[in-house]
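Remarks on the overall topology
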Amino acid sequence: MTADPGKPPAGTAGAGTADLTLDATVAAAEVPPELIAQSLGEYVRASWARVRAGNSGVLPVILGLVVVAVGFQIANSKFLSALNLVNLFEQSTVYMLLAMAEIFVLLLGEIDLSVGLVMGLGSVVVAELVQPTGANWPWWAAIIATLLACAAVGAIQGTLVARLKMPSFIVTLGGLLILEGVAIIVLGGSLVGIGNGGFVNEVYLYNIFWGTFRPVVGWILLVVLVGIAGTGLWLQDLRKRRRGLETAPRSLVAAKIVLMAVAGAAVVAICNVNRAHSGTIEGVPFILPIVLVVLIASTALLQRTRFGRYVYAIGGNAEAARRAGVRLASVRIWCFVLAGLISGIAGILFASWQVSLTTNIIKASNSYVLLAVAAAVIGGTSLFGGRGKTIHGVLGGLVIGGIYNGLYLLGVSSQWIDVVVAGVLLAAALIDVLSRRGAPGRA
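No experiment lies behind these values; they were computed from the predicted model shown.

1. Considering the overall build of the protein
Across its full length, the protein holds 19 helices and two strands. Residue burial in the protein is summarised as follows: out of 443 residues, 42% are buried. Carbon together with sulfur atoms contributes 68% to the accessible area of the protein, which is approximately 22,000 Å² in total.

2. Some thoughts on the packing of aromatic side chains
Under the criterion given, the structure shown has eleven aromatic pairs. When the ring of Phe350 is compared with that of Tyr368, the centres are 5.6 Å apart and the planes differ by 75°; the resulting orientation is edge-to-face. Placement of the pair is Phe350 in helix H15 (residues 328–354) and Tyr368 in helix H17 (residues 368–379), with a sequence separation of 18 residues. The exposure classification of Phe350 matches that of Tyr368, with both residues buried. Between Tyr404 and Tyr408, the ring centres sit 6.4 Å apart and the planes meet at 40°, which makes this aromatic pair tilted.

3. Topic: the pattern of salt bridges
Applying the stated criterion across every chain yields a total of four salt bridges. Between Asp237 and Arg241 there is a salt bridge whose closest N-O contact spans 2.7 Å. Here Arg241 and Asp237 lie together in helix H10 (residues 215–242), a separation of four residues that amounts to about one turn. The shortest N-O distance in the salt bridge between Glu319 and Arg322 comes to 2.5 Å. Of this pair, Glu319 and Arg322 both sit in helix H14 (residues 318–323), three residues apart, roughly one helical turn. Residue classification places Arg322 among the partly exposed residues on the basis of a relative accessible area of 45%.

4. A closer look at a positive patch on the surface
Where like charges cluster on the molecular surface, the positive patch consists of Lys240, Lys256, Arg304 and Lys389. By secondary structure assignment, the location of Arg304 is in helix H12 (residues 287–304).

5. Considerations on helix H6 (residues 115–129)
Over its 15 residues, H6 runs 21 Å from end to end, which matches the ideal 21 Å to within 8%, given 1.5 Å per residue. Judged by how many residues are buried, H6 sits mostly within the fold: 14 of 15 residues are covered.

6. With respect to the environment of Tyr206
Mapping Tyr206 onto the fold places it in helix H9 (residues 200–210). Take Tyr206: its relative accessible area is 31%, and that puts it in the partly exposed class. In this structure, the C-alpha to C-alpha distance between Tyr206 and Ala351, residues 145 residues apart in sequence, is 8.1 Å.

7. Examining the nonpolar core
One finds Leu97, Leu98, Val311, Val331, Leu357, Tyr368 and Ile400 to be the most contacted residues of the largest nonpolar core, which totals 102 residues. Per-element accounting of this core gives the leading share, 16 residues, to helix H5 (residues 82–106). With residues up to four places along the chain from it excluded, the contact list for Val311 reads Leu107, Leu108, Leu302, Val331 and Cys335. Membership of the second largest hydrophobic core comes to five residues, among which are Ala162, Ala329, Ile333 and Val337.

8. A word on the confidence of the model for the protein
Per-residue pLDDT for the protein has a mean of 83; in total, 83% of the residues score no lower than 70. Mean pLDDT in the protein bottoms out at helix H1 (residues 13–30), which sits at 46, and peaks at helix H7 (residues 139–162), which reaches 95. Between residues 10–29, whose pLDDT stays under 50, and residues either more than four places distant or in other chains, the model counts nine contacts. Note on residues 439–443: pLDDT under 50 across the span, and 16 contacts to partners over four residues away in sequence or across chains.

9. A look at unusual backbone geometry
For Lys165, which is not a glycine, the phi torsion comes out positive at approximately 60°. Along the chain, Lys165 falls in the loop between H7 and helix H8 (168–187). Within the chain, Val355 stands out as a residue other than glycine whose phi angle is a positive 70°. With respect to the secondary-structure elements, Val355 resides in the loop between H15 and strand S2 (356–357).

10. Remarks on the side chain of Ser352
Here Ser352 shows up in helix H15. Using a relative accessible area of 0% as the deciding quantity, one classes Ser352 as buried. Of note is the side chain of Ser352, whose polar atom sits 2.9 Å from the backbone nitrogen of Phe209. Leave out the neighbours within four places in its chain, and Ser352 touches Ile194, Leu205, Tyr206, Asn207, Ile208, Phe209 and Trp210.

11. What about the packing of H6 against H15?
With their axes 7 Å apart at the nearest point, H6 and H15 run at an angle of 55° to one another. The angle between H6 and H15 falls in the class oblique. Considering only the axes of H6 and H15, their crossing is right-handed. Taken together, the residues of H15 that come into contact with H6 (itself represented by Val115, Val118, Met119, Gly122, Ser123 and Val126) are Gly340, Ser343, Gly344, Ala346, Gly347, Ile348, Phe350 and Ala351.

Cut-offs applied
Residues numbered from 1 in each chain as written. Predicted model: local features only at pLDDT ≥ 70, side-chain atom pairs only at ≥ 80, totals over all residues. Heavy atoms only, no water. Helix = DSSP H or I, 4+ residues; strand = E, 2+ residues; numbered from the N terminus. Buried < 20%, exposed > 50% of the residue type's maximum accessible area, 1.4 Å probe, protein only. Areas by Shrake-Rupley, 256 points an atom, 1.4 Å probe, with all protein chains shown as cover. Phe/Tyr/Trp six-rings, centres within 6.5 Å; stacked < 30°, edge-to-face > 60°. Salt bridge = Lys/Arg side-chain N within 4 Å of Asp/Glu carboxyl O. Patch = residues over 30% accessible without salt bridge, like charges linked within 9 Å, V, L, I, M, F, W, Y side chains within 5 Å. Lys, Arg positive; Asp, Glu negative; His and termini not counted. Charge placed at Lys NZ, Arg CZ, Asp CG, Glu CD. Expected span 1.5 Å × (residues − 1). Core = buried A, V, L, I, M, F, W, Y, C linked by side-chain atoms within 4.5 Å. Contact = heavy atoms within 4.5 Å. pLDDT = per-residue confidence, 0-100. Polar contact = N/O pair within 3.5 Å; in protein donor to acceptor, adjacent residues only side chain to side chain. Axes fitted to C-alpha atoms, helices over the stretch in contact; angles between N-to-C directions. Parallel < 35°, antiparallel > 145°, perpendicular 65-115°, else oblique. Left-handed = near helix turned anticlockwise from the far one by under 90°.

Written out as structure tokens, the structure reads:
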């Protein structure tokens, strides 16, 4: 009996249908939900399908934040107090900035082990430059010089990696050791204080971390920021609709604007509570808008520009990007430059936070690179390149800061805190591996 050429061989029809269904499921899971959803409900269902397919996005870190908040609040009722939450926000800013710096390099599939010491060098340079008995530079000139120096470190390391094809692990490990020595040499082995003598430039530097806006100014800034962001989202949606492009449902755009407003109002309300045991300390800290500006600028650069598309392309498949005409070396160098620049911003905040810098503090900044990588990975950035956003660094930094803050409140020693942070990092990596392994069509 001759088989009908128009039909599949017996026993294969079911398999072929299953394969097609599997491919369709995987393909649907890879499509951003805002491109296929016609309503807010459809967006939620499409997002859940992506999570089930292994693309969990920021869901694990959001759940992690909830677990950290609830767990520590049960253990210590002071954890969610206004005083402690503002302290948590402030202390997490350094982790956030270093994680965002690291993400630019991780997206390439590389790693930068020197971001902690770039931060340390930046803190020493800016502190030394504003000393009234030393260089006595204006505070703004000291900040510019510090950022340029840190960016130059990134440029040197990026050139060694991109042009000479040296492993980023080795280059930045060497940079870590060199920068530690340079920072200690610049420090001169003495204690350098900031803001203690009341000199103008020192006071400005001190207030970067410890200064606050007046309560009414915080509300005004919130209205302005939400108004600008909301108007931008709405106008972008209108432009896409007029051009006939796929766009998110308007209910989703409205929900995003409302969520921004509610979250911002909660932060401002918490910060405006008087946090002083005696006297008055209230208002949004200056450092929160600084981190927000870095986040917005970094997100726009990666998500809205050709450079950002090149970064993701290189991290996904460097050879394919090269054949498509992407200048790999230039993009890689600029990513290291941006990592150095953002680490320099973290260094300025670190100097303002510590108030007094010593060689022990500079040596301790070695550990910050591990926290930077941990925050990025916990937030959802891949160590293998091509996947991640700067918001992951902010969320991961909050988790790291929350763990440190909560365990300190409970009187846990620092070595056990490091063990817990390491455990959370391994858990985040495990979740990523299991979600990929359990996804349809993935080994």
